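A closer look at the structure
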Amino acid sequence: MDKILVDVYVPAINKNYDIYIPFKSKFYEVTKLIVHMVCELSENYFIGQDDSIICDRKSGAIYNINMSSEQLGLKNGFKLMLI
């Protein structure tokens, strides 16, 4: 399994997106990917910044960007939030 499907909520535009993310890549790369995908999917309604953050939607815990999705324990269906 090299990708997982996560649900990303973007409170700035009040939208959810299902996005496949790499399972083995470091989370700083995943964050850039998610920001880029949300910009495209929202037709540039959301404009990401270099300091955009991905966190757990339920707890609000910010993920360590130096760890991979695998190391963070993410699985299919995880709910994330893009701030």
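Coordinates for the structure precede this section.
Everything numeric in this text was worked out from a predicted model, so none of it was measured.

**As for the side chain of T31**
Along the chain, the position of T31 falls in helix α1 (residues 27–41). If we ignore the near neighbours within four places in the chain, the residues touching T31 are S52 and I54.

**As for unusual backbone geometry**
Despite not being glycine, N14 has its phi angle at roughly 55°, a positive value. Tracing the backbone through its elements, the reader meets N14 in the loop between β1 (3–10) and β2 (15–22). The exposed category is assigned to N14, whose relative accessible area is 56%. One non-glycine residue, N44, lies in the positive phi region at around 65°. Of note, N44 is situated in the loop between α1 and β3 (54–56). Residue classification places N44 among the exposed positions, given a relative accessible area of 51%.

**Some words on the pattern of salt bridges**
Tallying each qualifying case throughout the model produces 3 salt bridges. One salt bridge in this structure joins D7 and K79, with 3.8 Å as the shortest N-O distance. Placement of D7 in strand β1 and of K79 in strand β4 (residues 79–82) is noted, with a sequence separation of 72 residues between them. For K79, a relative accessible area of 45% corresponds to the partly exposed category. In this structure, a network of salt bridges that share partners links the residues D7, R57 and K79.

**Things to note about α1**
For α1, which comprises 15 residues, the first-to-last C-alpha distance of 20 Å matches the rise-based estimate of 21 Å (1.5 Å per residue) to within 8%. Regarding α1, the residues found buried are F27, V30, T31, I34, V35, V38 and C39. Phi for E43, located one or two positions after α1, is positive at around 55°.

**Regarding the nonpolar core**
In this structure, I21, I34, L80 and L82 are the most contacted members of the largest nonpolar core, which totals 21 residues. Per-element tally for this core: the top contributor is α1, with 6 residues. With residues up to four places along the chain from it excluded, the contact list for L80 reads V6, D7, V8, Y9, F27, I34, I54, C55, R57, Y63 and L74.

Cut-offs applied
- Residues numbered from 1 in each chain as written.
- Predicted model: local features only at pLDDT ≥ 70, side-chain atom pairs only at ≥ 80, totals over all residues.
- Heavy atoms only, no water.
- Helix = DSSP H or I, 4+ residues; strand = E, 2+ residues; numbered from the N terminus.
- Contact = heavy atoms within 4.5 Å.
- Buried < 20%, exposed > 50% of the residue type's maximum accessible area, 1.4 Å probe, protein only.
- Salt bridge = Lys/Arg side-chain N within 4 Å of Asp/Glu carboxyl O.
- Expected span 1.5 Å × (residues − 1).
- Core = buried A, V, L, I, M, F, W, Y, C linked by side-chain atoms within 4.5 Å.

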